[in-house]
Amino acid sequence: MPAEVHQDAAAMAGELAELRHAIHREPEIGLDLPMTQAKVLSALGGLPLEITRGQQLSSVTAVLRGSLPGATVLLRGDMDALPVTERTGLPYSSQIDGAMHACGHDLHTAMLAGAARLLSARQQEIAGNVIFMFQPGEEGYAGARQMISEGLLDAAGDRPVAAYALHVTSSTLPLGVCGTRPGTMMAAADVLEVTVHGHGGHASQPHRAADPIPVACEIVTALQAMVTRRFDVFDPVVLTVGSFHAGTTDNVIPDEAKFLGSLRTFSAETRTRAMDYAVRLATQIAAAHGLTATAGFAAGYPVTVNNGDEVSFAQAAVTQLLGSGRCLTQPFPLTGSEDFSYVLEQVPGAFVMLGACPQGADPATAANNHSAEAVFDDVVLADGAALLAELALRRLAAA
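Residues numbered from 1 in each chain as written. Predicted model: local features only at pLDDT ≥ 70, side-chain atom pairs only at ≥ 80, totals over all residues. Heavy atoms only, no water.

Draft legend 1. Summary view of helix α10 (residues 380-398). Along its 19 residues, α10 runs 26 Å from first to last C-alpha, staying within 8% of the 27 Å computed at 1.5 Å per residue. Counting buried residues in α10 gives 16 out of 19 residues, a clear majority hidden from the surface. (Helix = DSSP H or I, 4+ residues; strand = E, 2+ residues; numbered from the N terminus. Expected span 1.5 Å × (residues − 1). Buried < 20%, exposed > 50% of the residue type's maximum accessible area, 1.4 Å probe, protein only.)

Draft legend 2. Spatial organisation of the sheet that holds strand β6 (residues 178-180). On the basis of which strands lie adjacent, the open sheet formed by eight strands has the order β1-β2-β4-β3-β5-β16-β6-β15 and mixed pairing. Taken across any chain shown, the strands that pair with only one partner, and hence form the sheet edges, are β1 (49-53) and β15 (327-329). Strand after strand, the sheet turns through a mean of 25° between neighbouring axes, direction not considered. Pairing of strand β3 (residues 68-78) with strand β4 (residues 127-135) involves eight bridges; the strand directions are parallel. Directly across from Leu68, in β4, lies its bridge partner Ala127. Against the sheet, helix α4 (residues 105-120) makes contact with β1, β2 (60-65), β3, β4, β5 (162-169) and β16 (349-355), and its axis sits at roughly 160° relative to β4, the strand it touches most. Contacts between helix α8 (residues 308-322) and the sheet are confined to β5, β6, β15 and β16, with β16 contributing the most and set at about 40° to the helix. (Pairing = 2+ DSSP bridges. Axes fitted to C-alpha atoms, helices over the stretch in contact; angles between N-to-C directions. Contact = heavy atoms within 4.5 Å.)

Draft legend 3. Region of the structure containing the nonpolar core. If you look at the biggest cluster of nonpolar residues, it comprises 62 residues, and the most contacted ones within it are Leu75, Leu119, Phe132 and Phe134. Considering each element in turn, this core owes the most residues, 12 residues, to α10. Those residues in contact with Phe132 that lie beyond four places of it in its chain are Leu49, Val60, Thr61, Ala62, Leu64, Leu75, Leu112, Ala115, Ala116 and Leu119. Core analysis: the next-biggest nonpolar cluster, separate from the first, contains 28 residues, Val196, Val215, Val220 and Val227 among them. (Core = buried A, V, L, I, M, F, W, Y, C linked by side-chain atoms within 4.5 Å.)

Draft legend 4. Here's a closer look at the pattern of salt bridges. For the structure on display, the rule yields 18 salt bridges. One salt bridge connects Lys39 with Glu26, and the closest N-O pair in it is separated by 2.6 Å. Of this pair, Lys39 sits in helix α3 (residues 34-43) while Glu26 sits in the loop between α2 (13-25) and α3, placing them 13 residues apart in sequence. Classification of Lys39 by relative accessible area gives buried; the value is 17%. Note that Arg159 and Asp154 form a salt bridge whose closest N and O atoms lie 3.1 Å from each other. Salt bridges sharing common partners tie together Arg76, Asp78, Glu338 and Asp339. (Salt bridge = Lys/Arg side-chain N within 4 Å of Asp/Glu carboxyl O.)

Draft legend 5. Representation of the sheet that holds strand β10 (residues 237-246). Pairing within the open sheet is antiparallel, and its four strands lie in the order β10-β12-β8-β13. A strand with exactly one partner marks an edge of an open sheet, and here the two such strands are β10 and β13 (292-298). Between one strand axis and the next, the sheet turns by 20° as a mean value, whatever way the strands run. One ladder, built from nine bridges, connects β10 with strand β12 (residues 256-265); its direction is antiparallel. Residue pairing for β12: Thr240 is matched across the bridge by Ser262.

Draft legend 6. Layout of the environment of Arg65. Within the secondary structure layout, Arg65 lies in strand β2. Arg65 gets classed as partly exposed once you look at its relative accessible area, which sits at 31%. Along the sequence, Arg65 and Leu16 sit 49 residues apart, while their C-alpha atoms lie 23 Å from each other. With sequence-adjacent residues up to four places away left out, Arg65 is seen in contact with Glu50, Gln123, Gly128, Asn129, Ala155 and Ala156.

Draft legend 7. How the structure looks around the packing of aromatic side chains. Going through the model one piece at a time under the given rule, you end up with five aromatic pairs. Where Tyr301 meets Tyr342, the ring centres are 5.9 Å apart and the plane angle is 80°; that geometry is what we call edge-to-face. Within this pair, whereas Tyr301 is found in the loop between β13 and β14 (304-306), its partner Tyr342 is found in helix α9 (residues 341-344), the two being separated by 41 residues in sequence. One exposure class covers both Tyr301 and Tyr342, and it is buried. Seen in terms of ring centroids, Phe340 and Phe351 are 6.2 Å apart; in terms of plane orientation they differ by 35°. Their pairing is tilted. (Phe/Tyr/Trp six-rings, centres within 6.5 Å; stacked < 30°, edge-to-face > 60°.)

Draft legend 8. View of α3. Looking at α3, one finds that the buried residues are Thr36, Gln37, Lys39, Val40 and Leu41. Next to the buried residues of α3 lie α2, β1, β2, α4 and β4.

Draft legend 9. The arrangement of the environment of Thr240 in detail. In this fold, Thr240 is placed in strand β10. For Thr240, a relative accessible area of 45% translates into the label partly exposed. With residues near it in sequence (within four places) discarded, Thr240 still touches Leu260, Gly261 and Ser262.

Draft legend 10. View of unusual backbone geometry. With phi around 55°, Ala142 is a residue other than glycine that occupies positive phi space. Along the chain, Ala142 falls in the loop between β4 and α5 (143-149). Judged by its relative accessible area of 4%, Ala142 is buried.

Draft legend 11. Representation of the environment of Arg145. You can see Arg145 is positioned in helix α5. Residue Arg145 is classed as partly exposed on the basis of its relative accessible area, which comes to 45%. C-alpha separation for the pair Arg145 and Ala367, spaced 222 residues apart in sequence, amounts to 30 Å. Engagement of the side chain of Arg145 in a polar contact is seen with the side chain of Tyr342, the distance being 3.4 Å. (Polar contact = N/O pair within 3.5 Å; in protein donor to acceptor, adjacent residues only side chain to side chain.)

Purely spatial values, then, with no claim about function.
So this is what it looks like as structure tokens:
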């Protein structure tokens, strides 16, 4: 069966590349992706699928019901692009200014469409259901959470027993090699927002004002000490202040100083503690100087946590489908974040990386995901489509 699935995927590789290139040429950002949605619906045309479009976003949920009753498995492919101006020089480069598929979601969409075709051709062999999740808004818009709120997980009637997602990378992993791990796979990402409130005045007489700038600077420094002194190095915290704004000129003390920070954590408990400590530290340092601070977090994506059994299952599927040495166990989580985390909070599953670094390029030095020069090799499209289909077939057979 694995060889047959892979052969069928290879036979449609050219069509998958055409779909991927069409999506790449017309990238769309956020939750409203009408052109991409239309391409997906066209690619799924004629297949025995129950298709539902999103109400508040351009999602596509497709359900394949096997000929026999059984469990349900979910497969995810995200569809949105990034606000990046492409510099790859590819013949199918973005035709939309300021937008680019710099994270490989165009490949994910094409692979999931390919998996839908592969599984539809095997409908008579399937005991159970497959939910195909074509998702907008992964890049910061929480599209997965919104699809769940619109009934994604109940689309087939029974909730999925497992969920899988592939994510290509233009660097780090060799071409065609998968990487995953049990437990924490990717970090949570949250935004710290701090405003220190002082009282402005003349720079020559700081004692007659309440200067918020040195207090804000002290908070920034103290946050770094907090990371190293309040948290276990084996359950790490990364806190980076990337935006700091105060004042308008050299001789005026402003009323306020504001900064933003990116918080990355790798467990739910540490995430909660880090948020609490950071807010208390900011407000109490300001109070110690006779000022006040408004501090809080804009919550981002939670920690992406893989189920250990599903990771082992996925690794075995990769090995049997693609060959030995094609799936690595990553020693550490990735510091990026993913909204597939919302699915994995409710369904056991596995998030798997797939190397798409171009042939002949060095994964260690190739432009990485989100770069304006990121390039992904089409050769992985057939592998990805076959792997998604094989995961669903094997998991339903084992349910």
